[in-house]
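Inside the fold
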Amino acid sequence: MRLSATTLTVVLLSTQQYIPSPAMSYCMTVGCSHPENLNSAEYCQGCGQFLLLQNRYLAIKPLSRGGFGRTFLAIDQQIPSHPHCVIKQFFVQYENPQDYQTAAKLFRQEAVRLDQLGKHPQIPQLLAHFEQNKQLFIIQEYIQGKTLFDELKQDGLFTEQKIWQVLKQILPILQFIHEQNIIHRDIKPANLMRRCSLPSSGENSLDTVVDLTQIPPTIPMRDQEQAQISAKLKSTIYPILSPENSDLQTSTDFNKNDIVLIDFGISKLLTGTALLHSGTIVGTPEFMAPEQMRGTVYPASDLYSLGLTCLYLITGISPGKLYDDHDEKWNWRSYLIPQQIISDRLETVLNKLIVIAINQRYKSAEEVLTAIQSSETPVNIAVKPVIPIKKTSAKVVQTPAKTPNLLERIKQNLGYQPLNDPLKSAVGVDYTQLQTLLAQKRWKQADQETWFVLCQALKKSKKTYLYAQDLANLPCEDIQTINHLWVKYSNSRFGFSIQNQIYQTVEGDYGKFCQQVGWLTYNPNNPDYGIEYKTSAPTGHLPTRNWIVSTGKWWKNLEILAEKLASCKIN
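A few points on the structure. Since the model is a prediction, treat every value here as computed from it, not as a measurement.

1. Observations concerning the packing of aromatic side chains
- Evaluated as defined, the whole model comprises 14 aromatic pairs.
- Their ring planes at 55° and their centres at 5.3 Å tell us that Tyr43 and Phe50 sit as a pair that is tilted.
- For Tyr43, a relative accessible area of 48% translates into the label partly exposed.
- Aromatic side chains Phe149 and Tyr312 sit 6.4 Å apart centroid to centroid with 15° between the ring planes, which places their arrangement in the stacked category. Note that Phe149 is positioned in helix H3 (residues 148-155) and Tyr312 in helix H8 (residues 299-315), a separation of 163 residues in sequence.
- One aromatic cluster in this structure is built from Tyr503, Tyr510, Phe513 and Trp519.
- Above the ring of Tyr323, the side-chain terminus of Arg442 is found at 4.9 Å from the ring centroid.
- We note Lys462 situated over the ring of Phe452; from NZ or CZ to the ring centre the distance is 4.6 Å.

In structure tokens form, the structure reads like this:
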């Protein structure tokens, strides 16, 4: 059979991301019960609203949805070629018109900054921003390719060579945005998109896994040509528009394998405005720096997230599981597969990116790039084949006897829950820190934070040991919030209500209860003795009883807790 030119085009481009011909259009009205419409429709058949935004942009395919808003693939009807673009719609909630006006003003100011960022060839360009029907929208350039998260699923674990490539491409982007006094706050594999996927080969990937996605047909050639023309124009105009950035370490010409930093939008633009709910955290917990969990960010916070991104790409394991809570140190090398060799040079860079203490971490992207460049010496290169082999052989013994394959690891990390819990308190306690620690499964720190918030709810000093009878004075709203967070983020494994269920099952026998949850029947001198701060701990093992005064009838805390939960109707 002979292949026509059209057929050959489909074969060559079949690995690129598919953009369907717009057979459907979508209504952007919040709450519309039937948002899907035929492409020929001008008005929504569900709510009657006009489908074109600004009489120009037509949404044709939903891409994502989160706590801040939703994203759609769209076409620009005003340009003859009808190029694709991305619509980001913000969910706006406000109590009075003044709140909205203030937030909208800040949104417009931040959109100007986003426009400046789009002049970098590895950041999507801002095409428009506007308000319509009391909703805020931005229109951005559509980047064709696949994310590093998808690349990991399709091609397997990243090699050291690919990790160096990621660092050398992303660090200059971070240097650029940090010089504009902007911090991304959500660096992760799903927000790093390669313009064109790398072919799968022995040199570029390890432990190939089954592709979890179906690769559809390619886009029409005319759209590909349009994208190439746009790329050439942008690379030509960029040096003229931004001469002050001529010393950037990235090329201003597009490369088909360039990694683009996406998702400059919803959460970043709304930070500090009246549109954010109390208790909302900007970012993805598993890739978030410790100081960011406390509500403060620095350029080093993005570097920390980049370091965790690299660890995820070489292990396929969620970063939170690579941290040893007991020894309070990173243990990622123990999770490398046997054939994977990571040099001391890369290990040094990664470990300094993810140091918990900010004053020991790299301060800037420029500092990391300088360190990488200075380490690329003939001496280092000469010993490179020797050191990692010695290092790896020593670590093989520490590798768990049964390591889950990559497909199982990826399935465990396919999504992230938005931190949108109702953090209610009758006495003004802030449960944001506890929420974030539990979402990251940092059990030991969360157990400590539980002690702190219990003291606050009882209006006692921090780290005050509590008597069992103090539990009876806890406000119902506060104990409900604490219990909800523990139960939710442990998948109903830990929490006061879980412990109470076990206590009722053993009919109030404290010895049997301790045996079932894995506690000692006495209080040891070291309160952490026998405690397992990990997800595999016995059901009901956490939170601990370390905050209870170890004198008198201290074991009565479970009896009083059971009565309190019953009075608050917490099951």
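2. Brief notes about the nonpolar core
- Counting residues in each nonpolar core, the largest one holds 60 residues, and the members touching the most others are Leu167, Leu171, Leu174, Trp332 and Leu353.
- At 10 residues, the largest contribution of residues to this core is made by helix H4 (residues 160-179).
- Counting only domains with at least three residues in this core, you end up with domain 1 (24-141) and domain 2 (145-196 + 256-373).
- Beyond its immediate sequence surroundings of up to four residues, Leu353 is in contact with Leu167, Leu303, Tyr304, Gly307, Arg361, Tyr362 and Val368.
- In this structure, Cys455, Leu474, Trp519 and Trp547 belong to the second largest nonpolar core, which totals 48 residues.

3. Comments concerning the state of the cysteines
- Taken as a whole and assessed by the stated rule, the structure comprises one disulfide.
- Each sulfur of the disulfide joining Cys476 and Cys568 lies 2.0 Å from the other. On the S-S bond that ties Cys476 to Cys568, the torsion sits near -75°, and the link is left-handed. A residue pair is termed long-range when its members are at least 10 positions apart, and Cys476 in helix H16 (residues 476-489) and Cys568 in the segment after helix H19 (557-567) qualify at 92 residues.
- Taking relative accessible area as the criterion, Cys476 reaches 33% and is therefore assigned partly exposed.
- The cysteine Cys47 is free of any disulfide, with Cys27 supplying the nearest cysteine sulfur at 3.6 Å.
- By relative accessible area, Cys47 is classed as partly exposed at 34%.

4. As for the packing of helix H17 (residues 496-505) against H19
- It is at 10 Å that the axes of H17 and H19 come closest, and there the two elements cross at 110°. Taken together, the axis directions place H17 and H19 in an arrangement best described as roughly perpendicular. In the packing of H17 onto H19, the handedness of the crossing is left-handed. Contact with H17, carried on its side by Phe496, Ser497, Gln499, Asn500, Tyr503 and Gln504, involves Leu558, Glu559, Leu561, Ala562 and Leu565 of H19 and no other residues of that element.
- Class assignment for the residues of the contact of H17 with H19 results in six nonpolar, four polar and one charged.

5. Details of the pairing of strand E7 (residues 135-141)
- For E7, the buried fraction is high: seven of the seven residues fall into the buried class.
- Taken together, the six bridges between strand E5 (residues 84-90) and E7 define a ladder with antiparallel strand orientation. Considered in E7, the bridge of Lys88 is made with Ile138.
- Relative to E7, strand E6 (residues 126-132) runs antiparallel, the two being bridged by six bridges.

6. Looking at the pattern of salt bridges
- Scanning all chains against the criterion turns up 14 salt bridges.
- Between Lys534 and Glu532 there is a salt bridge, with its nearest N and O atoms 3.6 Å apart.
- A relative accessible area of 42% places Lys534 in the partly exposed class.
- Take Glu532: its relative accessible area is 31%, and that puts it in the partly exposed class.
- Salt bridges sharing partners connect three or more residues here, namely Glu151, Lys162 and Arg194.

7. Some thoughts on empty space enclosed by the protein
- With the rule as written, the count across this model stands at three cavities of 30 Å³ or more.
- In this structure, the second largest cavity spans a volume of roughly 50 Å³.
- Lining the second largest cavity we find Pro285, Glu286, Met288, Tyr304, Leu308, Pro319, Gly320, Trp330, Gln440 and Arg442.
- Taken together, the residues of the lining of the second largest cavity break down into six nonpolar, two polar and two charged.

Definitions and cut-offs
Residues numbered from 1 in each chain as written. Predicted model: local features only at pLDDT ≥ 70, side-chain atom pairs only at ≥ 80, totals over all residues. Heavy atoms only, no water. Phe/Tyr/Trp six-rings, centres within 6.5 Å; stacked < 30°, edge-to-face > 60°. Buried < 20%, exposed > 50% of the residue type's maximum accessible area, 1.4 Å probe, protein only. Helix = DSSP H or I, 4+ residues; strand = E, 2+ residues; numbered from the N terminus. Lys NZ or Arg CZ within 6 Å of the ring centre and 35° of its normal. Core = buried A, V, L, I, M, F, W, Y, C linked by side-chain atoms within 4.5 Å. Domains from an automatic or database assignment. Contact = heavy atoms within 4.5 Å. Disulfide = S-S within 2.5 Å. Axes fitted to C-alpha atoms, helices over the stretch in contact; angles between N-to-C directions. Parallel < 35°, antiparallel > 145°, perpendicular 65-115°, else oblique. Left-handed = near helix turned anticlockwise from the far one by under 90°. Nonpolar A, V, L, I, M, F, W, Y, C, P; charged D, E, K, R; others polar. Pairing = 2+ DSSP bridges. Salt bridge = Lys/Arg side-chain N within 4 Å of Asp/Glu carboxyl O. 1 Å grid on protein atoms, 1.4 Å probe; cavity = no way out; pocket = protein on both sides within 12 Å on 5 of 7 lines; lining within 4 Å. Points joined across faces, edges and corners; volume = space filled by probe spheres on them.

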